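Each chain, letter by letter, is given below.
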Amino acid sequence: MNDSTSVFNRKSNRRKFLTNGMLAAGAATVGAGLLPGRLSAFGRDNDEQDDRAPITKGDIAILTFLSALEQIEEDLWVQYSELGGVQDNEVSGKNGGNALYTAALTILDGDMAQYIHDNTDDEISHHRFLNNYLVSKGAKKVDLSKFATLKGSTAVGSTGALRITNLMQLTVDTSFWSRYRSITNPDFDPGAPFVQAVPSLNVGQHTAIPRFPADTAGSTISADNTTSISAHLQAIAFTAGFHFAFIEQGGSSLYPTLAQKVTNLEVLRVLLSIGPSETMHFQTWQDKAGNALPISDTDNGPGGTGATVTFSTLSAAQGETNPESLNGDTLQANLIMPEPTHFIDQGLGPVAIVRPTSTKFGGAVASVQSFVDDGLFIGQPKQFFDLLFDLANEADQATRQI
């Protein structure tokens, strides 16, 4: 197809591109041409419009994938907010929350309920905005609700709604912890190690929410929740704390990675404006996760997975060394600012950056694969995976048109 051909100017192409309110698998395989018509920015003057490249099919593929991923994040954060967020009419409050789970989360920080609520609100807004933006440009909004078929928590506070994501069989990769505390960068130091902050979370299947009333049994709220909340429920809450950070560090890399492929300046502005909010989430969550107490728990109760998790005192973990360690083993909890790292050329010197930002490690396919490895989609059918990976491949294959 010629680069100047519209993806929407043939009915057959449009039917292939859009299916039942959801972008079908392989949607953007029509090429990397430019989208004509209705592309002027809202509120821009003529000089600004004249300086803009038109929106390409690659731009649309990127926005489409991001909208899909934001709907997935919305789904998981709503579950966290129903059980552990501030209960109001904005995003939660439908069923009163789970007081014991919320109390366990406050061991990490007294404001956890507010942070969970606000992160949920942010992800809802991201998905809504990206869908509205797609429609404003003549494209179709993304809707993955047909895949909301997974049974979620039946604990107090859950609405019992069917879900897209599974928060009850997670295998959480916590290597982001050492990656942001290391001088080495996965994009520029091939094979560099990054140790797990909580090695046992990266083995077996762990729940990050109370699945049923048995998970909160034996816990009470007191002046000292560290002693009145069971080790089992604390372990669930601490798992959630690290999972929050895992999810948001992925978005921190994804947006700048895909921004490098964008042609249209307004689309670039969208990515550069949403992306940093994901980084703000990430830094908040890694700060709170570092407050986890040294406990161990085996999930061997009713409905348990049998997995054991052990949290250590990360405030006393290895700090910075001189010279800096190349082993990716710096874990001290309060080192929440990104350590300057290798970037572009080691001769330029280390610099504090978001990492990774390569397609290989931070792109759309890498992001979906990390969610798959996380166990977030356990229970979903092959059609779901095919769709997500097709949308991810189209986003990764987009190229900036000069």
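Description of the structure in this document. Numbers given to residues run from 1 along each chain, matching the order in which its sequence is written. The predicted nature of this model means local features are confined to residues of pLDDT at least 70 and side-chain atom pairs, given and counted, to a pLDDT of 80 or more, with totals for whole chains, interfaces and linings taken over all residues. Calculated side-chain values reflect all of the structure's heavy atoms, with hydrogen atoms and water omitted.

**Comments concerning the overall build of the chain**
Broken down by element type, the chain carries 12 helices and four strands. Accessibility here uses a 1.4 Å probe with only protein chains present; expressed as a share of the type maximum, an area under 20% marks a residue as buried, one over 50% as exposed, and anything in between as partly exposed. Counting only residues that meet the buried cut, the chain has 55% of its 402 residues in that class. Accessible surface, the chain: about 16,500 Å² in total, of which carbon and sulfur atoms supply 53%. The helix and strand labels rest on DSSP assignments: H or I over at least four residues marks a helix, E over at least two residues marks a strand, and numbering proceeds from the N terminus. Each accessible area is a Shrake-Rupley result for a 1.4 Å probe, and residues are judged covered by the shown protein chains and nothing else.

**A look at the nonpolar core**
Remark: nonpolar core denotes a set of buried residues (Ala, Val, Leu, Ile, Met, Phe, Trp, Tyr, Cys) joined through side-chain atoms within 4.5 Å. Of all hydrophobic cores here, the largest spans 86 residues; its most connected members are Phe65, Ile72, Tyr80, Phe242, Leu271 and Phe311. For this core, the elements supplying multiple residues, two or more each, are helix H3 (57-84), helix H4 (99-105), helix H5 (112-136), helix H6 (176-179), helix H8 (231-259), helix H9 (265-289), helix H11 (364-373) and helix H12 (382-397). Of the residues forming this core, the biggest block, 15 residues, is contributed by H8. Those residues in contact with tyrosine 80 that lie beyond four places of it in its chain are Gly85, Tyr101, Ile116, Leu167, Leu170, Ala208, Ile209, Ala240, His243 and Phe244. What makes two residues a contact is simply this: any of their non-hydrogen atoms within 4.5 Å.

**A word on the packing of aromatic side chains**
Centres within 6.5 Å are what make two rings of Phe, Tyr or Trp a pair, Trp counting through its six-membered ring; a difference in plane orientation under 30 degrees is then read as stacked, over 60 as edge-to-face, and the rest as tilted. Here the structure, examined in full by the defined rule, presents 20 aromatic pairs. Taking 5.1 Å as the distance between ring centres and 70 degrees as the angle between the ring planes, the aromatic pair formed by phenylalanine 147 and phenylalanine 384 counts as edge-to-face. One end of the pair, phenylalanine 147, is in the loop between H5 and H6; the other, phenylalanine 384, is in helix H12, with 237 residues separating them in the sequence. Residue phenylalanine 147 is classed as buried on the basis of its relative accessible area, which comes to 3%. The buried category is assigned to phenylalanine 384, whose relative accessible area is 0%. The criterion is that NZ of a Lys, or CZ of an Arg, lies within 6 Å of the ring centre and within 35 degrees of the ring normal, and then a charge sits over that ring. Over the aromatic face of tryptophan 177 sits the side chain of arginine 181, whose NZ or CZ is 4.0 Å from the ring centroid.

**Some remarks on the pattern of salt bridges**
A side chain of one charge can pair with a side chain of the opposite charge when the charged atoms of the two come close. We define a salt bridge as a contact between a side-chain nitrogen of Lys or Arg and a carboxyl oxygen of Asp or Glu at a distance within 4 Å. Tallying each qualifying case throughout the model produces seven salt bridges. Arginine 163 serves as the salt-bridge partner of glutamate 82, at 2.7 Å between the closest nitrogen and oxygen. Of the two residues, glutamate 82 sits in helix H3 while arginine 163 sits in the loop between H5 and H6, which places them 81 residues apart along the sequence. Accessibility classification places glutamate 82 together with arginine 163 in one group, the buried group. Put simply, glutamate 266 and lysine 137 hold a salt bridge, and the shortest N to O gap is 3.2 Å. Taken together, the positions of glutamate 266 in helix H9 and lysine 137 in the loop between H5 and H6 put the pair 129 residues apart, joining distant regions of the chain. A relative accessible area of 4% means that lysine 137 is categorised as buried. Taken together, the salt bridges that share partners define one network made up of Asp109, Asp287 and Lys288.

**Observations concerning the packing of H3 against H9**
Packing of H3 against H9 leaves a shortest axis separation of 12 Å and a crossing angle of 30 degrees. For the element pair H3 / H9, the angle class is roughly parallel. Crossing of H3 against H9: the hand is left-handed. Between H3, through Asp59, Ile62, Leu63, Leu66, Glu70, Glu73 and Trp77, and H9, the contact on the second element is made entirely by Val267, Val270, Leu271, Ile274, Glu278 and Trp285. Residues were grouped as follows: Ala, Val, Leu, Ile, Met, Phe, Trp, Tyr, Cys and Pro as nonpolar; Asp, Glu, Lys and Arg as charged; and all remaining residues, including Gly, as polar. Split by residue class, the contact of H3 with H9 holds nine nonpolar, no polar and four charged. To get an axis, a line is fitted to the C-alpha atoms, and for a helix only the part in contact is used. The angle between two axes follows their N-to-C directions and goes from 0 to 180 degrees. Our angle categories are set so that under 35 degrees counts as roughly parallel, over 145 as roughly antiparallel, 65 to 115 as roughly perpendicular, and the remainder as oblique. Handedness of a crossing follows from how the near helix is turned relative to the far one, being left-handed for an anticlockwise turn of less than a right angle and right-handed for a clockwise one.

**So, the environment of glutamine 397**
Relative to the elements of secondary structure, glutamine 397 occurs in helix H12. The exposure class of glutamine 397 is exposed, given its relative accessible area of 54%. Linking glutamine 397 and leucine 258, residues 139 residues apart in sequence, is a C-alpha distance of 9.8 Å.

**Considering H9**
The span you would expect from a helix comes to 1.5 Å times its residue count less one. In a regular helix each residue adds 1.5 Å, so 25 residues correspond to 36 Å; H9 covers 36 Å between its end C-alpha atoms and thus fits that length. Residues adjacent in sequence count toward polar contacts only when both atoms are side-chain atoms; beyond that, a polar contact is any pair of N or O atoms within 3.5 Å, and within protein one must be able to donate a hydrogen and the other to accept it. The opening residue of H9, the one whose side-chain oxygen lies 2.9 Å from the backbone nitrogen of glutamate 266, is asparagine 264.

**Details of the packing of H8 against H9**
Across the interface, H8 lies against H9 with an axial gap of 7 Å and an inter-helix angle of 155 degrees. The angle between H8 and H9 falls in the class roughly antiparallel. The handedness of the crossing between H8 and H9 comes out as left-handed. Between H8 and H9, the contacting residues are Gly241, Phe242, Phe244, Ala245, Glu248, Gln249, Gly251, Ser252, Tyr255, Leu258 and Ala259 on the first element and Leu268, Leu271, Leu272, Ile274, Gly275, Glu278, Thr279, His281, Phe282, Trp285, Gln286 and Ala289 on the second. Here the contact of H8 with H9 is composed, by residue class, of 13 nonpolar, eight polar and two charged.

**Details of unusual backbone geometry**
Note that the residue after asparagine 322, namely proline 323, is joined by a cis bond; omega there is 0 degrees. Omega for the bond connecting arginine 355 with proline 356 falls within 30 degrees of zero, at 0 degrees, which places this linkage in the cis form. With respect to the element layout, proline 356 can be found in the loop between strand S4 (308-310) and helix H10 (359-362).

**Overview of the environment of serine 228**
With respect to the helices and strands, serine 228 occurs in helix H7 (residues 225-228). The class of serine 228 is buried, set by a relative accessible area of 14%. Each C-alpha atom, one on serine 228 and one on glycine 218, is 8.3 Å from the other, the two residues being 10 residues apart in sequence. One polar contact links the side chain of serine 228 to the main-chain carbonyl oxygen of threonine 220, over a distance of 2.7 Å. Among the polar contacts made by the side chain of serine 228, one reaches the side chain of serine 222 at a distance of 2.7 Å.

**Notes on the side chain of threonine 120**
By secondary structure assignment, the location of threonine 120 is in helix H5. Separated by 2.7 Å, the side chain of threonine 120 and the backbone oxygen of isoleucine 116 make a polar contact.

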